[in-house]
Amino acid sequence: MTGTAAQSAPRGSNGPDSDLECMGRCPVCHSGSRGLRYNNLRDWLFQSSASAWTMHECTECRAHYLDPRPTRAAIGRYYANYYTHSNAGEEPDGIAGDGSWFVRTYGVDWMERLGIKAPEFRERGDRWVISLASSMRHALRGRCRHRGPPWPGARLLDMGCGNGHWLPVAQAMGWDAYGMEPDPEAVAVAEKLGRPVQQGGLPQTGWPDGSFTSVTLNHVIEHLHDQVNALREIYRILEPGGWVWITTPNTDSFSHGRFGQHWRGLEPPRHLVVFNTQSLRYLLHNTGFLSCEWTPPNDLTDWYVRSSGAIAKTAGSKSERPSRLRMITATIKSRLCRGAGEELCVLGYKDSRR
């Protein structure tokens, strides 16, 4: 970090950071072998902390993790200004709200193919847009979390759902959908909006064995203190043949290589562990999900580059936007090469015999 950046560090509203815990080893594979990746990370995005944070890279599974990090009791203070406390919310794909805007924008044809009931939009004439724009179709599949219409009675739990902004889309697809969120302020927003969200989280959900067909974690796994026991709990509450859907920032991405410590995917101190395909595959296999399906993530290169560039500018670091050719190349590579996108997206399946 430059001297200018260090002098203009964000001002945390909570004073000096306390209630920290030291790990000493990787929280994913428990290896003590590691290398220092960053030693002066700052919360430029939400400015919840004035402290510098240290991130290590495990030399075994290649997970990136903060050490020291806030304890479970202290982590809530770093979400005081978080986007889930608003009525709309924010997602990296820029789509938020109650789902109706999404239906109107992406048209009828592909909504119906994926099982979303939207007969009131049949006459809008949006279908020609969908048929011409493959990137739109790809974004639509990502928005539906890469699954078609569920069978009657299929139950879905959106874990770490924030204010429940995605639940109306899941319900429109036909899911019996619920949300669970540890942040009481986000739950209060969800209740105000009439969304079925209860307070709670991983690794103890309180749900009976085999309660759900699917559990989804949209930008959640990186926030958890105990990813191993969290995934074991998800495995337990899934019915045989059920699946977990996970999307999370990718440390092997183009924009991380470009922006380093100012990459949007780091987000200290809320992102405790950041993954790549190697570390996320290890985590899934080690918690019982022996069958995994990696799906191409949405085309978010431009979003991550713009966000990371804004963070670098706030930090006082020089940052030039990559050329259009490099952006196009990175986007194409993210679609063709597994693990090359700005995010990872994977479905892990529970054995149908269990």
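Residues numbered from 1 in each chain as written. Predicted model: local features only at pLDDT ≥ 70, side-chain atom pairs only at ≥ 80, totals over all residues. Heavy atoms only, no water.

Caption draft 1: Summary view of the nonpolar core. Counting 53 residues, the largest nonpolar core has Val215, Leu217, Ile246 and Leu280 as the members making the most contacts within it. By residue number, the principal contributor to this core is helix H8 (residues 227-237), which donates six residues. Ala154, Ala170, Trp245 and Leu347 belong to the second-largest nonpolar core, a separate cluster that totals 19 residues. (Core = buried A, V, L, I, M, F, W, Y, C linked by side-chain atoms within 4.5 Å. Buried < 20%, exposed > 50% of the residue type's maximum accessible area, 1.4 Å probe, protein only. Helix = DSSP H or I, 4+ residues; strand = E, 2+ residues; numbered from the N terminus.)

Caption draft 2: Summary view of the pairing of strand E6 (residues 155-159). Burial of E6 is extensive: four of the five residues sit out of reach of the surface. Where E6 and strand E7 (residues 176-181) come together, five bridges link them in parallel fashion. The residue bridging Leu156 from the neighbouring strand is Ala177, located in E7. With helix H6 (residues 167-173) bridging E6 and the parallel E7, this β-α-β connection has right-handed handedness. (Pairing = 2+ DSSP bridges. Right-handed = clockwise from strand over helix to strand, strands pointing away.)

Caption draft 3: The arrangement of the side chain of Ser48 in detail. Secondary-structure assignment places Ser48 in the loop between strand E2 (34-41) and strand E3 (53-58). At 2.6 Å, the side chain of Ser48 and the side chain of Asp43 are in polar contact. One polar contact links Ser48 to Arg270, side chain to side chain, over a distance of 3.2 Å. (Polar contact = N/O pair within 3.5 Å; in protein donor to acceptor, adjacent residues only side chain to side chain.)

Caption draft 4: Structural view of unusual backbone geometry. The omega angle of the peptide bond from Asp67 to Pro68 is 5°, so this bond is cis rather than trans. With respect to the secondary-structure elements, Pro68 resides in the loop between strand E4 (64-66) and strand E5 (69-70). Between Pro268 and Pro269 the backbone carries a cis peptide bond, its omega angle lying at -5°. Mapped onto the elements of the fold, Pro269 is located in the loop between helix H9 (254-259) and strand E11 (273-274). Its identity is not glycine, yet Gln47 carries a phi of approximately 50°, on the positive side. Tracing the backbone shows Gln47 in the loop between E2 and E3. The class for Gln47 is partly exposed, based on a relative accessible area of 31%. One non-glycine residue, Arg62, lies in the positive phi region at around 70°. Residue placement: Arg62 occurs in the loop between E3 and E4. Residue classification places Arg62 among the partly exposed residues on the basis of a relative accessible area of 27%.

Caption draft 5: Here's a closer look at the sheet that holds E11. Spatially, E2-E3-E4-E11 is the arrangement adopted by the four strands of the open sheet, whose pairing is antiparallel. With partners counted over all chains shown, the strands left at the sheet margins are E2 and E11, one partner each. Note that E2 and E3 share five bridges and pair antiparallel. Bridging across to E3, Arg34 finds its partner in Cys58.

Caption draft 6: Spotlight on helix H12 (residues 324-336). Taking 1.5 Å per residue, 13 residues should reach 18 Å; H12 reaches 19 Å between its end C-alpha atoms and fits that length. The complete set of buried residues in H12 reads Met327, Ala330 and Ser334. The arc that holds the buried residues of H12, viewed along the axis, is 65°, so those residues lie on one side. Across H12 from its buried face, at more than 90 degrees, point the exposed residues Arg324, Leu325 and Leu336. Buried residues in H12 make contact with H9 and helix H11 (301-314). (Expected span 1.5 Å × (residues − 1). Arc of directions from axis to C-beta. Contact = heavy atoms within 4.5 Å.)

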